[in-house]
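# Chain and residue survey
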Amino acid sequence: MIEKRDIIKRFCVEHLCKWTGNNSAIARSKIEIMAFIAYVILSIIFTYPVAFSANMIPGDGGDAFWYLWDFWWFKEALSTLSNPYYTQNIFYPFGVNLIFSEVSPLNAAISVPLQSAFGLIKAYNIIWISTFILSGFNTFLLTKYLTGNRKAAFISGLIFMFCPYRFAHALGHMNLISTQWMILYILFLIKIINEDKRSNALLASLFLILTAMSSWYYLIYLFVFTIIFIIYYQRTDKLLCKKGLLKDLSLLVITSSIAMSPLIYLMLDELITTKSNYMYGGGFIDYSSDLLGFIVPTLFHPFFKGIVTPIYSHFTGSSAEYTTFAGYTVILLALISILKVKTKDVRFWGFSAIIFSILSLGPILHINGIFTRAYEGYNIVIPLPYAFLMHIPIFSLARIPSRWDVLVMLALAALAAYALNYISIYLMNLNHKNVFNALAFLISALILFEFLAVPYPMSSAEVPACYSQKIADDIGDFAIVEVPFTAKSMYYQTLHEKKLINGYVSRAPDSLIGSLLSEPFLGQLMRISYLSMYEDIIEQDMACNRRSKELCHYDVRYVVVHKDLISDEQFNRINAFLLRSACDPATNETDSTYVYALRNDPRTPLIELNDGWYGPEDWNGMPTRWIGKNASLKIYSEKNRPATLSLKALSFYCNRTLEIHAGKETISRQIVPTVFITVNMPINLKAGRNDLEFCIPEGCQRPCDIPEMKNGDLRCLGVAIQNVNLTNVT
């Protein structure tokens, strides 16, 4: 028989346990809240002056302005129920698919309500700072789970959130500083093998999806991380033999694959439809980490910058890509962890740090630049595993090896947590709790000092008055051309909202730039601006009627030239070309921005090159193109009219016959010698498109096949053409 006092005792014990358990959970929550608040405060301090800048954005310009445009375009697409991965706002009228560009749709979606509440600039800055806060806090959660030591985990969070990799990419790569979700994926991946909870697989899937929607680079990295993780723990723990583990891993793969299938479909559809080579974008060698970079303080450091600048001047790539400093304190802690703790988990993070460091070094070893040694007249380089891996599609898509450093720093942060936990236990056994507290403070201070980047570089987000007044206020749906084109030009579009003929994306279809270069006006302008070519072989009046939506200018109304971004020689060439071809004299809106309005003249016939032409060459300042056996051009005419087509022609190596056909009619047959002659031919243009075919009955020859020329040119050359123009147009 149960006595009354036993019932009371059991009741008290049960409720006391429940009460103390709840208190323990509350205490844990308070600690996590305090850690989060601390990360918020530290993020504001150590990214100064970002939180206090009204009309400025963090970074050195460049890609930061591209992400401002990305946020704006995402909001525009949602408001019009358009596809956010495709736009005609840039590269108009061709448009461009953004699926392989470094868009960050999750950040863009988060920015939508923030844009409505605070405006585009503040929305960007809020999201930018939040990546530091959440990356630190999530690293805290990960390493607290790994070690059970809150103080060690807090310092680990500091290491990752303020690591130089993140500061370097915070200059403009919003996608690459969105590291917060990948940490939570790794946390729940680890929980899958440690806990028998189906929810861990679902949460891992969720954070994998959020990672992919922030940066598809990190999706690739996590795929490789997961393979290494499974292989390692299969060897140490016989992982796949654990009950229910295969089901959890299968659930992770299936749910994430289903969720990401629309994205995968869009990628495959773009590859198949455009037949473009998005995989091999180059940059594998230039954008590799330098071995010295891991131990040389960054260019951001206010005290060390002057000392390390000469060292970094030898590195390849850009500061955003070659900054991989790991920190002396962090390296020391990682070594303590590896040498003293020696658990299988520490070994995993140690192996991970080594593997991802090697991957970040790229195809060949860099030590203070590309490491080469002369041997018997040859320059010898040291190849690394990436020299093979770069040819595998998943690695070639992630074409910049140095970015693997993000996983190096996460692994080092985990190792540092294990080391600090080891030191904590050691000192606690000696009853030196206060000593560890002081040591933890000192270590935190050293890490923050080594990673210091205050004041962080900022860029003005001011928009020149010509965009807000002249262009934005001009009524109508038209396009503008920016010379030279930068990511900032896309940011200006967020204000004036007019189409841009040119554009900037990290990856574009192979044919896109070729399409622009093939256009008479745009092609010539791009060559003058970027390729140091004066013009193409076509000489014509570019003026057109603004009301026309035909190919002439694609409704271009203004050309904006930024004189401060080009040389005086380039500006003089561009100015002369624009005044001669289509534009009124520029209005000088500022000291550096010139706005040219297109003349509203009657349209003249428009000549465009079609198939069969080799690229333009500069022959003593004269644009020249070769044709092989056949080539063609198009002439667009507003109405039926007679004209005279004129050109200069030179035959390669020997005399050849140049025939020009308009449909079935031969309008010219001329023997072309090996010196330039002028060819004039009357032509009756019909309204619309007129196709002309250039034919060389004798065919073409390759210079490499003519021994006496001693020329390795593999092109098959027939006739060189210059000065194509229409005269006597009525």
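Right above here is the structure, for reference.
Note that the structure is a prediction, hence the values are computed from the model and not measured.

Right, let's talk about the overall build of the protein for a bit. Broken down by element type, the protein carries 23 helices and 21 strands. A sequence separation of at least 24 residues applies to 75% of the contacts in the protein between residues at least 6 apart. Here the protein displays about 32,300 Å² of accessible surface, and carbon together with sulfur accounts for 61% of that area.

In this structure, Pro49 follows Tyr48 across a cis peptide bond, with omega equal to 10°. Following the sequence through the fold, Pro49 ends up in the loop between helix 1 (4-46) and strand 1 (56-58). A cis amide bond links Val454 with the next residue in sequence, Pro455, at an omega value of -5°. The phi angle at Leu81 is positive, at roughly 55°, despite the residue not being glycine. With respect to the helices and strands, the residue Leu81 is situated in the loop between helix 2 (63-79) and strand 2 (86-87). Look at Lys342: it is not a glycine, yet its phi comes out positive at around 60°. Summarising the element assignment, Lys342 is placed in the loop between helix 13 (328-341) and helix 14 (344-360).

With respect to the helices and strands, His496 occurs in helix 20 (residues 487-496). Polar side-chain contacts of His496 include one of 2.9 Å to the backbone nitrogen of Lys498. Not counting residues up to four positions away in its chain, the partners in contact with His496 are Tyr467, Ile471, Ala472 and Ile480.

A sheet is described by the order of its strands in space; here 5 strands give the open sequence 13-14-21-16-19, paired in antiparallel fashion. The open sheet has two edge strands with one neighbour each: strand 13 (617-619) and strand 19 (677-685). If you compare each strand with its neighbour and ignore which way they point, the axes differ by 40° on average. Bridge count between strand 16 (residues 641-651) and strand 21 (residues 719-727): 7 bridges; the pairing is antiparallel. The partner of Leu650 across the bridge, within strand 21, is Ala720.

Strand order in the open sheet formed by 5 strands is 12-15-20-17-18, with antiparallel pairing between adjacent strands. Each edge of the open sheet carries a strand with a single partner, namely strand 12 (606-609) and strand 18 (665-672). Across the sheet, the mean angle from the axis of one strand to that of its neighbour is 20°, orientation sign disregarded. Of the pairings in the sheet, the one linking strand 17 (residues 656-662) to strand 20 (residues 688-695) comprises 4 bridges and is antiparallel in character. Each bridged residue has a counterpart across the sheet, and for His661 the counterpart in strand 20 is Glu693.

In helix packing, the relevant descriptors are the interaxial angle and the interaxial distance, both defined with respect to the helix axes. Relative orientation of the contacting elements helix 4 (residues 120-147) and helix 17 (residues 405-429) amounts to 45°, with a least axis distance of 10 Å. By the angle between their axes, helix 4 is oblique relative to helix 17. Handedness of the helix 4/helix 17 crossing: right-handed. The residues of helix 17 that touch helix 4, namely those facing Thr139, Leu142, Thr143, Leu146 and Thr147, are Leu410, Ala413, Ala414, Ala417, Tyr418 and Asn421.

Below, the discussion takes up the nonpolar core. Formed by 161 residues in total, the largest nonpolar core has its most connected members in Trp128, Phe162 and Trp349. Residue contributions to this core peak at 16 residues, all from helix 17. When sequence neighbours within four positions are dropped, the list of residues in contact with Trp128 reads Thr47, Val50, Pro58, Ala170, Met174, Ile177 and Tyr456. Listed in part, the 28 residues of the second largest apolar core include Leu633, Ala643, Val679 and Ile683.

Here we take up the packing of helix 9 (residues 216-237) against helix 14. In contact at an axis separation of 11 Å, helix 9 and helix 14 are set at 145° when each is read in the N-to-C sense. Every pair of crossing elements has a handedness; the one defined by helix 9 and helix 14 is right-handed. The segment helix 9 lies against helix 14, with Val224, Phe225, Ile228, Phe229, Tyr232, Tyr233, Thr236 and Asp237 engaging Lys344, Asp345, Arg347, Phe348, Trp349, Phe351, Ser352, Ile355 and Phe356. Counted by class, the contact of helix 9 with helix 14 contains 11 nonpolar, 2 polar and 4 charged residues.

Moving on, we get to the pattern of salt bridges. Should their charged atoms come close, side chains of opposite charge can pair. Taken as a whole and assessed by the stated rule, the structure comprises 12 salt bridges. Notably, a salt bridge pairs Arg403 with Glu102, separated by 3.4 Å at the nearest N-O pair. In this pair, Arg403 is assigned in the loop between helix 16 (393-397) and helix 17 and Glu102 in the loop between strand 3 (96-97) and helix 3 (105-118), connecting sequence segments 301 residues apart. No difference in accessibility class separates Arg403 from Glu102, as the two residues are buried. The shortest N-O distance in the salt bridge between Glu659 and Arg669 comes to 3.0 Å. Note that Glu659 is positioned in strand 17 and Arg669 in strand 18, a separation of 10 residues in sequence.

What counts, and at which threshold
- Here the residue numbers are simple positions, counted from 1 along each chain's written sequence.
- In view of the model being predicted, local features appear only for residues whose pLDDT reaches at least 70, and side-chain atom pairs are presented and counted only at 80 or more, with totals across whole chains, interfaces and linings using the full set of residues.
- The basis for every side-chain value is the complete set of heavy atoms in the structure, and neither hydrogens nor water enter the calculation.
- Every helix listed is a DSSP run of H or I at least four residues long, and every strand listed is a run of E at least two residues long, numbered separately from the N terminus.
- Residues are treated as being in contact if the distance between any of their heavy atoms lies within 4.5 Å.
- Per-residue and other accessible areas were derived by the Shrake-Rupley procedure at a 1.4 Å probe size, with only the shown protein chains allowed to occlude residues.
- Counted as a polar contact is a pair of N or O atoms within 3.5 Å, where, for protein atoms, one must be capable of donating a hydrogen and the other of accepting one, and residues adjacent in sequence contribute only when both atoms are in side chains.
- Only when DSSP finds a minimum of two bridges between them are two strands counted as paired.
- The angle between two axes is taken between their N-to-C directions and runs from 0 to 180 degrees, where each axis is a line fitted to C-alpha atoms and a helix contributes only its stretch in contact.
- When an angle is under 35 degrees it counts as roughly parallel; over 145 it counts as roughly antiparallel; between 65 and 115 it counts as roughly perpendicular; any other value is oblique.
- Should the near helix be turned counterclockwise from the far one by less than a right angle, the crossing is left-handed, whereas a clockwise turn marks it as right-handed.
- Think of a nonpolar core as a cluster: buried Ala, Val, Leu, Ile, Met, Phe, Trp, Tyr and Cys residues, connected wherever their side-chain atoms sit within 4.5 Å.
- Buried residues are those whose accessible area, probed at 1.4 Å on protein chains only, stays under 20% of the maximum for their type, while exposed residues exceed 50% and partly exposed ones sit between those limits.
- Amino acids are sorted into nonpolar (Ala, Val, Leu, Ile, Met, Phe, Trp, Tyr, Cys and Pro), charged (Asp, Glu, Lys and Arg) and polar (every other residue, Gly among them).
- Salt bridge, as applied in this entry: a Lys or Arg side-chain nitrogen positioned within 4 Å of an Asp or Glu carboxyl oxygen.

Function cannot be inferred from these measures alone, as they are strictly geometric.
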